[in-house]
Amino acid sequence: MASIEIPGKGGADLSVGSRSVRLTNLQKPFWKKPKITKGDLIQYYADVADVLLPHIKDRPMVMKRYPNGWDEDYFFMKRAPEPRPDWILTCPIRHSRAGIVDYPLINNLSSLLWVINLGCIDLNPWYGRCPDTDQPDYLHFDLDPVPGATFENVRETALVVRDTLVALGMKPFAKTTGSRGIHVYVAIRKGPMQKEVWTVAKAIAFELQHRHPDLVTAQYMKAKRPRGRVLVDYNQNAWGRTLASIYSVRPTADATVSMPVTWKEIENGIRIEDFTIFNARERIGKTGDLWKPLLGRSRFNLDSLRN
């Protein structure tokens, strides 16, 4: 993994190729225990940029900003703030109430460092790439434990989801969310609109609930979810929704990371806390990008499910 060195304190105008990125308050504690500064967070993203950037390139980015650290108040921003460097590319998306919103695109190291310097701990990209933001290239499920369920239940659900998707001819990939669950993604051929992808995901989720009622729920309303089940959340496929990206540090006490894992690791009992900002770089150095196949041309054709 290529890297540059982030200063340990103060501010700096960092040269990244032909661009200058202004970094500020690098000594500010973003975690008090273990001690992780804003500079440490920026350094992590600089170190993993080579494997991260291909996954988020050209995807509109929703900014979730924690200006004073992971356990302090945060706020969401969709519109790229001004003033901003003229080299920050944006993606215009029309919203019914807000009109056209210019989302930032994080396509290179300089724009990545710029957005993390704004206080973004994790990255939350759209599922479609600009300009075709209504045509996602992923179908995915967020596996989230309902109160009373354990992470062991989440792992069991992930394997059930895997087997179901494989039976449909798909090739699913998994990662820990870095928070409480597991994300399962399938690369799909671009074409179907977001609502069509959502409809397929919903049908699969409710079929899983039908087949495994003691393990799975697809009920989106919290009041209707049975205790001790794992939510197979299909609704994250809806227009405008986002999930924390691959390799994102999460705002948790241990600074956990959303890490790609193998199905064998899930079978063997992988845990959320196995991956943190402290060991993620070493792990990536050993495994490479386990999700690199999701960037390739081998993508599932959702239209085949209609036959």
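Residues numbered from 1 in each chain as written. Predicted model: local features only at pLDDT ≥ 70, side-chain atom pairs only at ≥ 80, totals over all residues. Heavy atoms only, no water.

**Q** It is not clear to me how the packing of aromatic side chains should be interpreted in this structure. Could you clarify?
**A** In this description, an aromatic ring pair is defined by two values, namely the gap between the centres and the angle between the planes. Under the defined criterion, the tally for this structure stands at nine aromatic pairs. Members of the aromatic cluster, each reached through a chain of ring pairs, are Tyr66, Tyr74 and Phe76. Sitting above the plane of the Tyr220 ring, Arg225 keeps its charged end 6.0 Å from the centroid. (Phe/Tyr/Trp six-rings, centres within 6.5 Å; stacked < 30°, edge-to-face > 60°. Lys NZ or Arg CZ within 6 Å of the ring centre and 35° of its normal.)

**Q** Whenever I open this one, the sheet that holds strand S15 (residues 260-261) confuses me. Can you help?
**A** Strand pairing in a sheet takes place through backbone hydrogen bonds and is either antiparallel or parallel in direction. On the basis of which strands lie adjacent, the open sheet formed by six strands has the order S13-S14-S10-S12-S11-S15 and mixed pairing. Each of the sheet's edge strands pairs with one partner strand only, and the pair in question is strand S13 (216-217) and S15. Across six bridges, strand S10 (residues 138-145) lies against strand S12 (residues 182-187) in antiparallel orientation. Paired with His140 across the bridge in S12 is Tyr185. The sheet strands contacting helix H4 (residues 194-211) are S10, S13 and strand S14 (230-233), and the helix crosses S10 at an angle near 40°. (Pairing = 2+ DSSP bridges. Helix = DSSP H or I, 4+ residues; strand = E, 2+ residues; numbered from the N terminus. Contact = heavy atoms within 4.5 Å. Axes fitted to C-alpha atoms, helices over the stretch in contact; angles between N-to-C directions.)

**Q** Please explain the nonpolar core as it appears in this structure.
**A** The nonpolar side chains of soluble globular proteins are, as a tendency, buried together. Among the nonpolar cores identified, the biggest contains 93 residues, and Tyr45, Leu112, Phe141, Leu143 and Val249 are the most heavily contacted of them. With 11 residues, the top contributor of residues to this core is helix H1 (residues 38-56). Not counting residues up to four positions away in its chain, the partners in contact with Val249 are Trp31, Leu41, Tyr44, Tyr45, Ile121, Asp122, Ala255, Thr256, Val257 and Ile277. By size, the runner-up hydrophobic cluster in this structure holds seven residues, among which are Val62, Ile93, Val101 and Leu105. (Core = buried A, V, L, I, M, F, W, Y, C linked by side-chain atoms within 4.5 Å. Buried < 20%, exposed > 50% of the residue type's maximum accessible area, 1.4 Å probe, protein only.)

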